[in-house]
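# An overview of the molecular structure
Spelled out from the first residue to the last, the chains are:
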Amino acid sequence: MRNSYIVKIFFPVFAMAAGLSACKGKADKAAHNRQAVHDEQAIDSSITRLTKPVNAQVIAAIPAIQPEGGTRIYASGVNGVITYDTRNQTSIASRVGGRIERLLIKYNYQPVRKGQLIMEVYSPDLAAAQRELLYVAHNSREMLAGAKQRLQLLGMQPAQISEVLTTGNIFYRIPVYSNSDGYILEKTAAGPVAAPSSPAASPDGMGGMGGEATATAAPAPAAPVAAPVLLREGQYVNAGQSLFTIYQAKALVAEFAFPMPLAARIKRGQRLLFFPANNDTAMQSGSIGLIEPVFRDGVNFTLARVYLENNDFRVGQLLYANVPVVYTEGWWLPKQAVWRLGNQSVVFRKEKEVYVPVTVKTGVVTKDMIQVITDIGNWKVAANAAYLVDSESFIKTDH
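Here we summarise the structure given alongside this text. (Residues numbered from 1 in each chain as written. Predicted model: local features only at pLDDT ≥ 70, side-chain atom pairs only at ≥ 80, totals over all residues. Heavy atoms only, no water.)

## Describing the overall build of the chain
The condition is simple: Elements are defined by DSSP. Helices are runs of H or I of four residues or more, strands are runs of E of two residues or more, and each kind is numbered from the N terminus. Partly exposed describes any residue whose relative accessible area lies between the buried limit of under 20% and the exposed limit of over 50%, with all areas from a 1.4 Å probe on protein chains only and scaled to the type maximum. Whether two residues are in contact is decided by their heavy atoms: any pair within 4.5 Å suffices. To measure how exposed things are, a 1.4 Å probe is used in the Shrake-Rupley method; for residues, cover is taken only from the protein chains shown.
Along the chain, the regular secondary structure elements total five helices and 23 strands. Across the 399 residues of the chain, 38% fall into the buried class. The contacts in the chain between residues at least 6 apart in sequence include a share of 78% that link residues at least 24 apart. Total accessible area computed for the chain in this model is approximately 23,200 Å², and 55% of it derives from carbon and sulfur atoms.

As structure tokens, this is what we get:
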């Protein structure tokens, strides 16, 4: 009876304990499952950044390099040409309006002498002024001096005016003479002619600390071209219209084209060493006398002019110059570490296990190095960017 009572007392307690134990086991199993799911999710999120497309980042085992800093000296090569000194030029204009009856200039840069006949112009105004002279000579001697002066201002020579007074014959043509020795150029062609589409090949130079800076961004300066003149006999001209320019041959200049990054480092008075493009042994030196910004064929560049004296150059002769330049700012990378995307430059920065493309600002390009203006001193970048670019993909930069 007693045993039966004990069983009746402890059986519910045992059942309750068993139930509690089962519930605890289920709770522990559920907690374990939740922890496993959490661990699985944590593992997946840790590799999420490695699953980006290849145009945003690249997983590769190629070497990473550190950018180099410090001062560097490079010899930059620029192209040039011998041309006329525009400070020694004169202009020829028609003093009367009329029609060109005779033109003796056939092509640009034709040599002329002072006093040489350039052309003859038929002018009704000149004929009217001569008739006025004859009338004044017969009726009002007090006004004769003024009438003569008017004809001289129209371009008639004193001998011709005396002949008109003596013979009474009227000159319908007014001669135009050269006022200087030199080479004549039609006024409409006095601007720069088209430059070559690419600069002349640059000889290898002794490039300071490791190379020669390139200047391929600037076209070669224009060389004079002896093209036929556009002015024709029978064409009408206006009084005071400038028709020709005469460049004196006694003074020549050397013009050099500098690209924009290099132009900022030159100044007036700086010495240049240059030589003919086909003879690198005939070295010459000169000082920059003029620096002029130029926009031509869609390209911005700078012309530096060196005035020459007692030289053996000829107009149109091509030149090549070496300009030593000191660079104290920026960082330097091998050229193959920078990838060009049109007007942008990209390097692949190493971030843990991946390389990420980043846009940077670049400066001068030397024979084997490129200057980076962006502060990349503490970066590590891919040694060769070409290995990380797929020919069928685009590079997407987030910087």
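## Points about the sheet that holds strand β5 (residues 110–112)
The line we're drawing: Note: two strands are recorded as paired if DSSP finds a minimum of 2 bridges between them. Here the axes come from fitting lines to C-alpha atoms, over the contacting stretch only for helices, and the angles between their N-to-C directions go from 0 to 180 degrees.
The strand order across the open sheet built from four strands is β3-β11-β8-β5, with neighbouring strands paired in antiparallel fashion. Each edge of the sheet is formed by a strand with only one pairing partner; in this case those strands are β3 (89–93) and β5. The average undirected angle you get between the axes of adjacent strands in this sheet is 35 degrees. Pairing geometry for β5 and strand β8 (residues 182–186), over three bridges, is antiparallel. The partner of Gln110 across the bridge, within β8, is Ile184.

## A word on the packing of helix α2 (residues 124–139) against helix α4 (residues 158–167)
When two helices pack together, you describe them by how their axes are tilted relative to each other and by the distance separating the axes. The line we're drawing: Each angle gets one of four labels, with under 35 degrees taken as roughly parallel, over 145 as roughly antiparallel, 65 to 115 as roughly perpendicular, and the rest as oblique. For any helix crossing, the convention is left-handed if the near helix is rotated counterclockwise from the far helix by under a right angle, and right-handed if that rotation is clockwise. When residues are sorted by character, Ala, Val, Leu, Ile, Met, Phe, Trp, Tyr, Cys and Pro go into the nonpolar class, Asp, Glu, Lys and Arg into the charged class, and all the rest, Gly among them, into the polar class.
Between α2 and α4, the shortest axis-to-axis distance is 10 Å and the interhelical angle comes to 55 degrees. Between α2 and α4, the interaxial angle falls into the category oblique. Pair α2 / α4 crosses with right-handed handedness. Two secondary-structure elements touch here, α2 through Gln130, Leu133, Leu134 and Ala137 and α4 through Ile161, Val164 and Leu165. Within the contact of α2 with α4, the residues separate by chemical class into six nonpolar, one polar and no charged.

## Concerning the sheet that holds strand β22 (residues 369–372)
Ordered in space as β17-β22-β21, the three strands form an open sheet in which the pairing is antiparallel. Bordering the open sheet on either side are β17 (331–334) and β21 (362–365), each of which pairs with just one other strand. Going across the sheet, the axis of each strand differs from the next one's by a mean of 30 degrees, ignoring polarity. Here four bridges tie β17 to β22, and the two strands are oriented antiparallel to one another. Paired with Trp332 across the two strands is Gln371, which belongs to β22.

## Looking at unusual backbone geometry
One non-glycine residue, Tyr109, lies in positive phi territory at about 65 degrees. With respect to the element layout, Tyr109 can be found in the loop between β4 (98–103) and β5. For Lys352, which is not glycine, the phi torsion reads 60 degrees and is therefore positive. Tracing the backbone shows Lys352 in the loop between β19 (344–351) and β20 (354–360). Since its relative accessible area comes to 65%, Lys352 is described here as exposed.

## Section: the packing of aromatic side chains
Using the following cut-off: Working definition: rings of Phe, Tyr and Trp (its six-membered ring) pair if their centres are within 6.5 Å, and the pair is stacked with planes under 30 degrees apart, edge-to-face with planes over 60 apart, and tilted otherwise. Definition used: whenever NZ (Lys) or CZ (Arg) falls within 6 Å of the ring centre and also within 35 degrees of the ring normal, the charge is taken to sit over that ring.
Counted by the stated rule, this structure contains eight aromatic pairs. Taking 5.4 Å as the distance between ring centres and 10 degrees as the angle between the ring planes, the aromatic pair formed by Tyr84 and Tyr109 counts as stacked. Pair noted here: Tyr84 is in strand β2 (residues 72–84) and Tyr109 is in the loop between β4 and β5, with a separation of 25 residues, a long-range link. Across the pair, exposure class does not vary: Tyr84 and Tyr109 are buried alike. Aromatic ring contacts, followed pair by pair, group Tyr84, Tyr109, Tyr183 and Tyr247 into a single cluster. Across the ring face of Tyr307, the terminal group of Arg87 is positioned such that the distance to the ring centre comes to 3.8 Å.

## Re the nonpolar core
Where we set the bar: To define a nonpolar core, start from buried Ala, Val, Leu, Ile, Met, Phe, Trp, Tyr and Cys residues and group those joined through side-chain atoms within 4.5 Å.
In terms of nonpolar packing, the biggest core is built from 31 residues, with Ile118, Met119, Leu151, Ile184 and Phe244 touching the most fellow members. For this core, the secondary structure elements donating two or more residues are β4, β6 (117–122), α2, α3 (144–153), α4, β7 (173–177) and β11 (242–247). Among the elements that make up this core, the one with the highest residue count is α2 (six residues). Not counting the four nearest positions on each side in its chain, Met119 is found in contact with Ile100, Arg102, Leu103, Ile174, Pro175, Val176, Leu243 and Phe244. Of all hydrophobic cores here, the second largest spans 29 residues; its members include Tyr84, Phe258, Phe313 and Val323.

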